[in-house]
Amino acid sequence: MERKDEMNLTDAQEMIFEKYANKYGIDKTPAKDKIEKIEREKYVYKLLSIKGTDDTAIEKLLDLTIRDIELQYSMKQTIENKAGFMIALWGVLVASMLQHDMLLVLFKNIVDASSSIGTRVSNSIILVGLTIFGIGSLVYIILVLLYNPYSKFLFDRRDENFRCAVEDKNMLLVKLLDSNTTVWEKNEAANEKKYNYLMKHVIWMLLFVVFIILGFCCK
């Protein structure tokens, strides 16, 4: 068991930490999360300074985190490829509707005085359904394609990273792990949001197809 004084940073290490640790001062991270992230950095730096890299798995964890970020970008691309296919399918469906004057036929059936009440009601429901689900499915697929709050490790502070690398390797490892973990968290949330938009689009698209079939039946 380590003595309490052994867990404290030296004055030099405190200066290094204050100089190079991620402070989250200008981003939108909630205050509570900022404090937790900074405390986590300090804890890891303390233990790493005592044990050294050979007795910890921090480099392995950093490597796994970076690999997972690469997988997140692959997943993002896969979702967007599916969205591209779905928007092409949406275009085909709309073109088919326009080619057969479906909306015009439905509208004429609604306003035609000779049409029965049942015909008017059913055609009205179909017309409203086509409009709502057609527009709704388009909105969701656009959200899939435009939603892009993804992050990458920023190298715009290269001078700071270079200096940290030669002044304290442990601090650089902590900084890299913390930064990439934050990137991973943001990208994971972005992928989940993007996937949810895609699933909602699929549901609305299926309903859109159902109303198109009903529209053809009413012609």
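Predicted model only: the values in this text are computed from it and were never measured.

### Considering the packing of helix α6 (residues 158–167) against helix α7 (residues 169–217)
Line of reasoning, step 1. Relative to each other, α6 and α7 sit at 135°, their axes nearing to 5 Å. Classified by the interaxial angle, the pair formed by α6 and α7 is oblique. Contact residues: α6 offers Glu-160, Asn-161, Cys-164, Ala-165 and Glu-167, while α7 offers Lys-169, Met-171, Leu-172 and Lys-175.
Line of reasoning, step 2. Its residues assigned to classes, the contact of α6 with α7 comprises four nonpolar, one polar and four charged.

### Remarks on the nonpolar core
Line of reasoning, step 1. Counting 22 residues, the largest nonpolar core has Leu-130, Phe-208 and Ile-212 as its most contacted members.
Line of reasoning, step 2. Elements supplying a minimum of two residues to this core: α3 (58–99), α4 (102–111), α5 (117–146) and α7.
Line of reasoning, step 3. Each residue touching Ile-212, except ones within four places of it in the same chain, is listed here: Leu-93, Met-97, Met-102 and Leu-130.
Line of reasoning, step 4. Counting residues in each nonpolar core, the second largest holds 15 residues, with Leu-48, Ile-58, Leu-62 and Met-171 among its members.

### Concerning the packing of aromatic side chains
Line of reasoning, step 1. Within the structure shown, the criterion is met by seven aromatic pairs.
Line of reasoning, step 2. With centroids separated by 5.5 Å and ring planes inclined at 25°, the aromatic side chains of Phe-133 and Phe-211 adopt a geometry described as stacked. Remark: Phe-211 occurs in helix α7 and Phe-133 occurs in helix α5; sequence separation between them is 78 residues.
Line of reasoning, step 3. The exposure class assigned to Phe-133 is buried, which follows from its relative accessible area of 17%.
Line of reasoning, step 4. With relative accessibility at 15%, the residue Phe-211 sits in the buried group.
Line of reasoning, step 5. Between Tyr-147 and Tyr-197, the aromatic rings sit 5.8 Å apart at their centres with planes inclined by 80°, giving edge-to-face as the arrangement. Here the residue Tyr-147 occupies a position in the loop between α5 and α6, and Tyr-197 occupies one in helix α7, the gap between them amounting to 50 residues.
Line of reasoning, step 6. Residue class for Tyr-147 comes out partly exposed when judged on its relative accessible area of 26%.
Line of reasoning, step 7. Aromatic rings pair up to connect Phe-133, Tyr-140, Tyr-147, Tyr-197, Trp-204 and Phe-211 into one cluster.

### Considerations on the confidence of the model for the protein chain
Line of reasoning, step 1. Here the protein chain averages 89 in pLDDT, and 93% of its residues register 70 or above.
Line of reasoning, step 2. Looking at the elements of the protein chain, mean pLDDT is at its lowest for α6, recorded as 88, and at its highest for α3, recorded as 95.
Line of reasoning, step 3. Contacts for the low-pLDDT stretch residues 1–5, under 50 throughout, to residues beyond four places or in other chains number two contacts.

What counts, and where the lines are drawn
Residues numbered from 1 in each chain as written. Predicted model: local features only at pLDDT ≥ 70, side-chain atom pairs only at ≥ 80, totals over all residues. Heavy atoms only, no water. Axes fitted to C-alpha atoms, helices over the stretch in contact; angles between N-to-C directions. Helix = DSSP H or I, 4+ residues; strand = E, 2+ residues; numbered from the N terminus. Parallel < 35°, antiparallel > 145°, perpendicular 65-115°, else oblique. Contact = heavy atoms within 4.5 Å. Nonpolar A, V, L, I, M, F, W, Y, C, P; charged D, E, K, R; others polar. Core = buried A, V, L, I, M, F, W, Y, C linked by side-chain atoms within 4.5 Å. Buried < 20%, exposed > 50% of the residue type's maximum accessible area, 1.4 Å probe, protein only. Phe/Tyr/Trp six-rings, centres within 6.5 Å; stacked < 30°, edge-to-face > 60°. pLDDT = per-residue confidence, 0-100.

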